[in-house]
Amino acid sequence: MGYVLALLVVLLLIGLPIAVWLDLSNLVETNLRRQASDVNSIISSVRHYYANNVVGRILASPGTTKVVHNYKDYPGAIPIPATLSLELGKVISEQQQNIKYRFVSDYPFKDRAPHAFDEFETDALGRLRQNSNQQLTRVSSSVFSDGVRLIAPILMEQPCVNCHNSHPESPKADWKVGDVRGIQEVSIAQPISGNMFAFKYSLAYFVLTAAIGSLFIAFLRRQAATISSINAELEAKNDFLDSLSTKISRYLSPQIYRSIFSGQKDVTIHTERKKLTIFFSDIQDFTGTTERLQPEQITQLLNKYFTEMSRIALAHSGTIDKFIGDAMLVFFGDPETKGDVDDAKSCLRMAVEMQHQIAGLNAEWRNAGIQDPIRVRMGINTGFCNVGNFGSNDRMDYTIIGAEANLAARLQSIAEPGNIVVSYETYALVRDIVVARALTPITMKGISREVVPYAIRSVLDSTGKNIEVFSEHLTGLDFYLNADMIDAGDARHVREVLQDALKALERRAPPNS
């Protein structure tokens, strides 16, 4: 915008002198037309008066005074009107260097040299003889000067008619009053710059405007450079902040990250009591697994495991609280909630999908040389917890605290490897989509009620049909079957593979085993 404004200012500054120059040219032309008309009018008026009141009176009373064109050759003679016009034009031209006067005719007396006519004069004479009640002008313009040529008709008056028709040297003897004998031309030229200083105040204003405009342009350029520098600095800082925020987001659950950076939550020590559904998972005998693997393999395995589990948790809108060694804590209901029932169902579906994904990971790891599969226990509980920022003003953590969160960990500990155990409070919210069996009630410190755990056997689909999943991983066996996911066209092939597997087992095992 700065450059656009500067360009507009430059165009305006350029346009102003052009407009002034055009106005000057128009003013000079108008002034020249008026001057030419005035000179023509003065000479014509003088000649008319002279012809009627001087020459006419002398010719009407013949005496010693002669009226001739070469009046200087005769003592006491006076000039004819035409000669007087020429004399007046000569005087005016001497006084005004820019004015020229011509009094010419295409019928000169026989003893006089013929007059030369240019194209404009010839055309004007012809047009005036057709219509003598007009004056013709031609304007010539250049960058520095303008010129005007004005041609008026020379009309025959009675004294002129009497003289010309009776004069022995007159080439024409049938003149009548009002005939166009010739033309009277006034030419005036004037440089445009001659009127320039008549606009001294306008010129002063223009100079001042140009100076201010130049300062304004310089100011805009400086501002543009400053703004460009600021923008570059801001862009660099924005890139840094964007990179920093991306890095920070890796340490926070996306829901927490969005709520903080959108301003919905303030970074202060503050907690709320909310009803949440808490998920806790732990890998069975992970300590023994780590003893059999190299540190690099452990790191790779855990990172892959948590990456896949986190992807599933986020897909179901779970808030990932933390990773504790090989354990994982996820809760539903804060900072975003779909309601107690939907939060609980989302958590359960997440857990089921995690178990299915673990089966796929085990097959992948076995192909990579990790023989023993991982088995994960999962516990889910629904209850009220304190959730928010805990810690100090210098270091805080967004997490949950409460006995209900501890109960989710306890439920995980009593689950069979590869299974999910939920509390009755969670089961009551999801029982329309699960098949579960009640376990032996348990008690827990900090919770006054007796807790009835439920082991999830299967999850129902949207039609209420039981989703059967078979999963087993042993040395020499990687087995995962979800019958609902197998295409009808592949079902026959799967049956053949299973039958071949059974035959192989029967050949391997003793008949009585």
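The structure reproduced in this document is the subject of the present report. Note that the structure is predicted; figures quoted are calculated from it, not measured. (Residues numbered from 1 in each chain as written. Predicted model: local features only at pLDDT ≥ 70, side-chain atom pairs only at ≥ 80, totals over all residues. Heavy atoms only, no water.)

## Observations regarding the overall build of the protein
Stage number 1. In terms of helices and strands, the protein carries 12 helices and 19 strands.
Stage number 2. Across the 513 residues in the protein, those meeting the buried criterion constitute 36%.
Stage number 3. Pairs at least 24 residues apart make up 65% of the contacts formed inside the protein by residues separated by at least 6 positions.
Stage number 4. Here the protein has roughly 30,200 Å² of accessible surface; of this, 55% comes from carbon and sulfur atoms. (Helix = DSSP H or I, 4+ residues; strand = E, 2+ residues; numbered from the N terminus. Buried < 20%, exposed > 50% of the residue type's maximum accessible area, 1.4 Å probe, protein only. Contact = heavy atoms within 4.5 Å. Areas by Shrake-Rupley, 256 points an atom, 1.4 Å probe, with all protein chains shown as cover.)

## A closer look at the environment of isoleucine 99
Stage number 1. Looking at the element boundaries, isoleucine 99 is found in strand β3 (residues 99-105).
Stage number 2. Judged by its relative accessible area of 6%, isoleucine 99 is buried.
Stage number 3. On a C-alpha basis, the gap between isoleucine 99 and leucine 32 in space is 10.0 Å, while along the polypeptide they are 67 residues apart.
Stage number 4. For isoleucine 99, the residues in contact, after removing those within four places along its chain, are Val39, Ile92, Ser93, Val186, Ser187 and Ile188.

## Some details on the pairing of strand β10 (residues 376-391)
Stage number 1. The buried fraction of β10 amounts to 12 of the 16 residues, a majority that puts the element mostly inside the structure.
Stage number 2. With 13 bridges joining them, strand β7 (residues 271-283) and β10 adopt antiparallel strand pairing. Bridge pairing in β10 places phenylalanine 280 opposite glycine 379.
Stage number 3. In the sheet, β10 pairs with strand β12 (residues 420-423) via three bridges, with the strands oriented parallel. Within β12, the residue paired with isoleucine 380 across the bridge is valine 422.
Stage number 4. Here β10 pairs with strand β11 (residues 396-401) via six bridges, running antiparallel. Of the residues in β11, the one forming a bridge with glycine 388 is threonine 399. (Pairing = 2+ DSSP bridges.)

## Let's talk about the packing of helix α8 (residues 295-315) against helix α9 (residues 340-367)
Stage number 1. With their axes 10 Å apart at the nearest point, α8 and α9 run at an angle of 150° to one another. Here α9 runs roughly antiparallel to α8, going by the angle between their axes. Two packed elements cross with a definite hand, and for α8 against α9 that hand is right-handed. Taken together, the residues of α9 that come into contact with α8 (itself represented by Leu301, Lys304, Tyr305, Glu308, Met309, Arg311, Ile312 and Ala313) are Met350, Glu353, Met354, Gln357, Ile358, Leu361, Glu364 and Trp365. (Axes fitted to C-alpha atoms, helices over the stretch in contact; angles between N-to-C directions. Parallel < 35°, antiparallel > 145°, perpendicular 65-115°, else oblique. Left-handed = near helix turned anticlockwise from the far one by under 90°.)

## Considerations on unusual backbone geometry
Stage number 1. Across the junction of aspartate 334 and proline 335, the peptide omega takes the value -5°, indicating a cis bond.
Stage number 2. Turning to its location among the elements, proline 335 is positioned in the loop between β9 (327-332) and α9.
Stage number 3. Positive phi, normally seen in glycine, also occurs at aspartate 285, with a value near 50°.
Stage number 4. With respect to the element layout, aspartate 285 can be found in the loop between β7 and α7 (286-292).
Stage number 5. For aspartate 285, a relative accessible area of 48% puts it in the partly exposed group.

## Focus: the nonpolar core
Stage number 1. Core analysis: the biggest nonpolar cluster contains 41 residues, and Phe279, Tyr305, Met350, Met354 and Ile420 have the highest contact counts within it.
Stage number 2. Considering every element that reaches this core, the biggest residue donor is α9, with 10 residues.
Stage number 3. Those residues within four positions of methionine 354 in sequence are excluded, and the remaining contacts are Phe279, Met309, Ile312, Ala313, Met328 and Met378.
Stage number 4. The next biggest cluster of nonpolar side chains, apart from the first, holds 21 residues, and it includes Val28, Ile80, Ala82 and Leu150. (Core = buried A, V, L, I, M, F, W, Y, C linked by side-chain atoms within 4.5 Å.)

## As for the pattern of salt bridges
Stage number 1. Taken as a whole, this structure holds 20 salt bridges when the rule is applied.
Stage number 2. Arginine 149 serves as the salt-bridge partner of glutamate 185, at 2.7 Å between the closest nitrogen and oxygen. Here glutamate 185, found in strand β6 (residues 180-191), pairs with arginine 149, found in strand β5 (residues 145-155); they are 36 residues apart in sequence, far enough to count as distant.
Stage number 3. Between glutamate 308 and lysine 304 there is a salt bridge; the shortest N-O distance is 3.7 Å. Taken together, the residues glutamate 308 and lysine 304, both in helix α8 and four residues apart, mark about one turn of the helix. (Salt bridge = Lys/Arg side-chain N within 4 Å of Asp/Glu carboxyl O.)

## Let's talk about the pairing of strand β16 (residues 453-460)
Stage number 1. Of all eight residues in β16, seven are buried; the element is thus mostly enclosed.
Stage number 2. Here β12 pairs with β16 via four bridges, running antiparallel. What sits directly across from isoleucine 420, in β16, is isoleucine 456.
Stage number 3. Pairing analysis gives five bridges linking strand β13 (residues 434-438) to β16, with the strands arranged antiparallel. Across the sheet, the residue bridging to valine 434 is valine 459, located in β16.

## Brief notes about the packing of aromatic side chains
Stage number 1. Across all of its chains, the model carries five aromatic pairs by this definition.
Stage number 2. Each ring, one from tyrosine 305 and one from phenylalanine 306, has its centre 5.2 Å from the other, and the planes form 55°; the classification is tilted.
Stage number 3. Since its relative accessible area comes to 0%, tyrosine 305 is described here as buried.
Stage number 4. Aromatic pair tyrosine 424 and tyrosine 454: ring centres 6.1 Å apart, planes at 40°, arrangement tilted. Of this pair, tyrosine 424 sits in helix α11 (residues 424-430) while tyrosine 454 sits in strand β16, placing them 30 residues apart in sequence.
Stage number 5. Of the residues examined, tyrosine 454 reaches a relative accessible area of 14% and is grouped as buried.
Stage number 6. Aromatic rings pair up to connect Tyr305, Phe306 and Phe323 into one cluster.
Stage number 7. Over the aromatic face of tyrosine 107 sits the side chain of lysine 172, whose NZ or CZ is 5.9 Å from the ring centroid.
Stage number 8. Sitting over the ring of tryptophan 175, lysine 172 keeps its end group 5.1 Å from the ring centre. (Phe/Tyr/Trp six-rings, centres within 6.5 Å; stacked < 30°, edge-to-face > 60°. Lys NZ or Arg CZ within 6 Å of the ring centre and 35° of its normal.)

## Here's the deal with the sheet that holds strand β4 (residues 136-141)
Stage number 1. The strand order across the open sheet built from four strands is β3-β6-β5-β4, with neighbouring strands paired in antiparallel fashion. This sheet does not close on itself; its edge strands, each paired only once, are β3 and β4. Shown here is a sheet whose adjacent strand axes are inclined to one another by a mean of 15°, direction ignored.
Stage number 2. Judged from the seven bridges that link them, β3 and β6 form a sheet pairing that is antiparallel. Bridged to valine 104 within β6 is isoleucine 183.

Worth remembering: the numbers are spatial, not functional.
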